[in-house]
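# Commentary on secondary and tertiary structure
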Amino acid sequence: MQVKIGARYRSQVCETEIIVVRALPGDLNLTCGGHPIIDLKAEPATGLDIEPGADGGNTLGKRYTDDSGKLEVMVTKAGRGELALDGKPLPLKDAKPLPASD
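Just so it is clear, the model here is predicted, and its values are computed rather than measured.

What counts, and where the lines are drawn
- For every chain, the first residue of its written sequence is number 1, and the numbers climb from 1 along that sequence.
- Given that the model is predicted, a residue must reach a pLDDT of at least 70 before its local features are reported, and side-chain atom pairs must reach 80 or more before they are shown or counted; all residues, however, enter totals for whole chains, interfaces and linings.
- With hydrogens and water excluded, all non-hydrogen atoms of the structure serve as input to the side-chain values.
- Between any two strands, at least two bridges found by DSSP are needed for them to pair.
- Only DSSP runs of H or I reaching four residues or more are called helices, and only runs of E reaching two or more are called strands; each is numbered from the N terminus.

### Overview of the sheet that holds strand S8 (residues 83-85)
- As summarised here, the arrangement of the 4 strands in space is S4-S3-S8-S9, forming an open sheet in which the pairing is antiparallel. Only two strands of the sheet have a single partner each, and these edge strands are strand S4 (35-36) and strand S9 (88-89).
- The pairing of strand S3 (residues 30-32) with S8 spans 3 bridges and is classified as antiparallel. When the sheet's bridge partners are listed, Leu30 is paired in S8 with Leu85.

### Concerning the sheet that holds strand S6 (residues 63-65)
- Read across the sheet, 5 strands follow the order S5-S1-S2-S7-S6 without closing on themselves; strand pairing throughout is antiparallel. With one partner strand each, in any of the chains shown, strand S5 (38-39) and S6 form the two edges of the open sheet.
- Here S6 pairs with strand S7 (residues 72-77) via 3 bridges, running antiparallel. Within S7, the position partnered with Thr65 by the bridge is Glu72.

Set out below in structure tokens:
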């Protein structure tokens, strides 16, 4: 699926909702809980459950990014599913240190 900056998506297996802050070009295999994310307004498939090992959860208001730093999503509604790109979990984005004020 192609993701666009500012687009909102949801998980098919938990309460997770995200917004894309930075997107990669081309088709992406972005998943939550082991299943592909869908448009926020789309109806999830029935009978799906979180895959084993994809239940690490996510945190409201936090940003997740891929290893290259070119894909960035922000969680707008937290859930039990783990965000992943091509089967590799997306790590929490590190905070930038503020400059020292002396």
